[in-house]
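Analysis of the macromolecular model
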Amino acid sequence: MTAVEMWSRLGSVMAGLMFVWAMFKDYFPPQLRRHVEAYARKAVDQVHPYVHIKFPEFAGERLERCETFTAIQNYLSGSASAKAKRLKAESVKDSKSLVLSMDENEEVVDEFEGVKLWWSSKLILSQKPTFSLFSSAEDRRFYTLTFHWSHRELITGSYIEHVLEKGKAVAVDNRQRKLFTNNSSSNWGHYKATKWSHVLFKHPSTFDTLAMEPSKKKEIMNDLLRFQRAKEYYERIGKAWKRGYLLYGPPGTGKSTMIAAMANFLNYDVYDLELTTVKDNTELRKLLIDTSEKSIIVIEDIDCSLDLTGQRKTKKQEKEADEEKADPVKKKMKGEEESKESKVTLSGLLSFIDGLWSACGGERIIVFTTNFVEKLDPALIRRGRMDKHIKMSYCCFESFKVLARNYLGVESHPQFARVRLLLKETEMTPADVAENLMPKLDDEDEDACLEGLIEALEKAKEDARKKSEEEEKAAAAEAEATAARAIAEEEAQQASSVEKQENGGRGCAKEVKENGVL
């Protein structure tokens, strides 16, 4: 049989099969057709050595997008862009850039521990119109994973877990960081209302631009990296995967800038918690549950947020309570005022930090900032709650060099020696130093900016000297006044003693005279 005859017969066979298939689809009842197709598929599966796993894009009653599908899409974005010939670019929510994925009916090959497998992307369009608010489940994309049945255990266990972990890691690297703030609980029940509102976090601060001693910065960065990689360690010691940082120091020393640098360094979201808008401890727990992993929860100026130590009533408060009982109008007004105030207690905040609810989720950092660390309750900042205490101090010479590089673009200058000496002799915050280094005019160069800083430092030094002299004079005057009061009291006591003696003598003489002795 010649090649022409062979191709002619093959064509006839194919045409016959197509005719039979058309007759089968057109004339067989749908119920009977489904049974025939099912048995035919089972017959093929007996000799077909490959397994197929389908991952749909949407699932559930409301057809919500599957996290597994998104993770696979992120995982394949690298393989697809390198191997696939037809790609599709999508703008995924919260992603910093476009996500490249396989186009429909495209296939890429992957390999895991020496095992070859295939990923394909398919789209099935619904043939029937729908008027539902949600699209039909048939009109959805899905990924299909194909592999040899002998590797079933490896693929369904280790490989799929590997794909999901890698996909989630890609999503974290590509996501846009957010800055959250808590909403008032009175709005939580509204349509589409959430406990947290957010904007994109675009603060440019990094540890490279942070004005701090290099050794101290390196210590903090290493501590953050150890925390980020310590999931297994925290599980082994039986502790929630979280860490507390207390930032304290005078205003203008860079506490908020430090938080932004931490968020950019770890690629974490930031939750700025305003305690005064939280009604009670229950709402505080709900807010904690609604935070995401890989986040920094911040309470700034915690010493000013709430009176977290006033747990007992003073005598004055008890007297006011008695007056309120006697005056119904005053009691009602007082009740309205208290209903608006936050009832978050120290106990509730401690439970928020390291209680049972703090273990819901993981990889969280809690940061407190304060200007007056001595005002905080010791139970609030003890080790285990605030694990690392970081003092944000006045500007030193190393911090100044970072600011000079940031604001003036200079690494060295003849005036640096004078600045070093003045920084040792006076106290100025990094914020004040930065303000003096910032050019005020377009033609102002680094020489003029440094001269302005030196003048400000000399003025601050002189002001500190005058203040010290005034305090010394005030102390000396107070000491003199104290001494004068002591002398006056002593003279008064002596005069009183003499007067008593004189009165006693006159009384004795009078008594003798009356008795007729004289």
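Per chain, residue numbering runs from 1 following the sequence as it is written. With pLDDT at 70 or above as the cut-off, local features in this predicted model cover only qualifying residues; side-chain atom pairs require 80 or more to be listed or tallied, and sums for whole chains, interfaces and linings still use all residues. The basis for the side-chain values is all heavy atoms of the structure; hydrogens and waters are excluded.

**A look at the pattern of salt bridges**
- Here, a salt bridge means any side-chain nitrogen of Lys or Arg that lies within 4 Å of a carboxyl oxygen of Asp or Glu. Using the criterion set out here, one finds 18 salt bridges in the structure.
- Residue R141 pairs with E57 through a salt bridge whose shortest N-O separation is 3.1 Å. Residue R141 is located in strand β8 (residues 140-148), and its partner E57 is located in the loop between β1 (50-56) and β2 (58-59); the two are separated by 84 residues in the primary sequence. Grouping residues by exposure puts R141 and E57 together as buried.
- The partner of E283 in a salt bridge is K279, and the shortest N-O contact between them spans 3.9 Å.
- Connected through shared salt-bridge partners, R86, D103 and E106 make up one network. For the purposes of this entry, the term helix denotes a DSSP run of H or I that reaches at least four residues, the term strand denotes a run of E that reaches at least two, and both are numbered from the N terminus. Buried, partly exposed and exposed residues are distinguished by accessible area as a fraction of the type maximum, computed with a 1.4 Å probe on protein chains only: under 20%, between the cut-offs, and over 50%, respectively.

**Looking at the confidence of the model for the protein chain**
- Chain-level pLDDT for the protein chain is 81 on average; 78% of the residues reach the 70-or-more range.
- What pLDDT expresses is the predictor's confidence in each residue, scored from 0 to 100. Contacts are assigned to residue pairs with any non-hydrogen atoms lying within 4.5 Å of each other. Across residues 131-137, where pLDDT falls below 50, the model places 8 contacts with residues more than four positions away in sequence or in other chains.
- Counting contacts from residues 309-316, a segment whose pLDDT is below 50, to residues more than four positions away or on other chains yields 6 contacts.

**Comments concerning the environment of K54**
- Topologically, K54 is positioned in strand β1.
- Here K54 falls in the exposed class, since its relative accessible area comes to 52%.
- Sequence separation of K54 and S120 is 66 residues, and the distance between their C-alpha atoms is 9.6 Å.
- If near-sequence neighbours (up to four positions away) are discounted, K54 is found in contact with F142 and Y143.

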